[in-house]
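# Structure at a glance
Chain by chain, the residues:
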Amino acid sequence: NEKREHFGPDDPLYMEAEALGLSVAAIRKAQGKKNPSDCEVGSPAWVRANEEFARDLLWALGETPRGSLESGY
């Protein structure tokens, strides 16, 4: 809960967040899932990939995603 004046590439937490995002993206790709960057921005596929990506990030953080998607989350 530390207040951060600057959150950017020099911040260790920023680097951890970036590493987590890249790890989740690599795992999703290996599983044959689309990442948001694989889709046209604003398209229904992009919206869905963003929602699924966010759920996978929460899972990687040990959180239980709320709600459900048709894919069974």
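Before reading on, note that the structure itself is shown above.
Residue positions within a chain follow its written sequence, with the count starting from 1. pLDDT decides what is reported in this predicted model: residues at 70 or higher carry local features, side-chain atom pairs at 80 or more are listed and counted, and totals for whole chains, interfaces and linings draw on all residues regardless. To obtain the side-chain values, all non-hydrogen atoms of the structure were used and water was disregarded.

Each helix and strand in the protein was counted, giving two helices and zero strands. Relative to its 73 residues, the protein shows a buried fraction of 21%. For the protein, long-range pairs separated by at least 24 residues make up 28% of all intrachain contacts whose partners lie at least 6 apart in sequence. Method for areas: the Shrake-Rupley scheme with a 1.4 Å probe, in which residue coverage is limited to the protein chains shown. When the accessible surface of the protein is split by element, carbon and sulfur atoms take 55% of a total near 5800 Å². Helix and strand labels come from DSSP, where a helix needs a run of H or I of at least four residues and a strand needs a run of E of at least two; each type is numbered from the N terminus. We call a residue buried when its accessible area falls under 20% of the maximum for its residue type, exposed when it is over 50%, and partly exposed in between, using a 1.4 Å probe and counting protein chains only. Every residue pair with non-hydrogen atoms within 4.5 Å of one another is taken to be in contact.

What follows deals with helix α1 (residues 12-30). A helix's residues, less one, multiplied by 1.5 Å, set its expected span. Between its first and last C-alpha atoms α1 spans 27 Å; for 19 residues at 1.5 Å apiece the expected length is 27 Å, and the two agree. By the burial criterion, the buried members of α1 are Gly21, Val24 and Arg28. When α1 is viewed along its axis, its buried side chains cluster within an angular range of 65 degrees and face the same direction. Along α1, exposed side chains directed more than 90 degrees from the buried face belong to Pro12, Glu16, Leu22, Lys29 and Ala30. Polar contact criterion, stated in full: a pair of N or O atoms within 3.5 Å, where within protein one must be able to donate a hydrogen and the other to accept it, and residues adjacent in sequence count only if both atoms are side-chain atoms. Sitting at the amino-terminal end of α1 is Asp11, which places a side-chain oxygen 2.8 Å from the backbone nitrogen of Leu13. Positive backbone phi, approximately 80 degrees, marks Gly32, located one or two places after α1. Each direction from the helix axis to a C-beta atom contributes to the arc, which is the arc of those directions.

So, about the packing of α1 against helix α2 (residues 44-60). Note on method: axes are straight lines fitted to C-alpha atoms, helices fitted across the in-contact stretch only, with angles between N-to-C directions ranging 0 to 180 degrees. Relative to each other, α1 and α2 sit at 115 degrees, their axes nearing to 10 Å. Once α1 is placed against α2, the crossing between them reads as right-handed. Counted together, Leu20, Gly21, Val24, Ala25 and Arg28 of α1 and Ala49, Glu52, Phe53, Asp56, Leu57 and Ala60 of α2 form the full contact between these two elements. Think of it as three bins: nonpolar holds Ala, Val, Leu, Ile, Met, Phe, Trp, Tyr, Cys and Pro, charged holds Asp, Glu, Lys and Arg, and polar takes everything else, Gly as well. Per-class residue counts for the contact of α1 with α2 are seven nonpolar, one polar and three charged. Two helices crossing with the near one rotated counterclockwise from the far one by less than a right angle form a left-handed crossing, whereas a clockwise rotation gives a right-handed crossing.

A word on the pattern of salt bridges. The working definition used for a salt bridge is a side-chain nitrogen of Lys or Arg within 4 Å of a carboxyl oxygen of Asp or Glu. Enumeration over the complete set of coordinates arrives at four salt bridges. Close ionic contact of Lys33 with Asp56 constitutes a salt bridge, the shortest N to O distance being 3.9 Å. With a gap of 23 residues between them, Lys33 in the loop between α1 and α2 and Asp56 in helix α2 connect regions that are remote in the sequence. One salt bridge in this structure joins Glu52 and Arg48, with 3.2 Å as the shortest N-O distance. On the criterion of helical spacing, the pair formed by Glu52 and Arg48 is a turn pair, its members being four residues apart in helix α2. Through salt bridges with shared partners, a single network forms among Arg28, Lys33, Arg48, Glu52 and Asp56.

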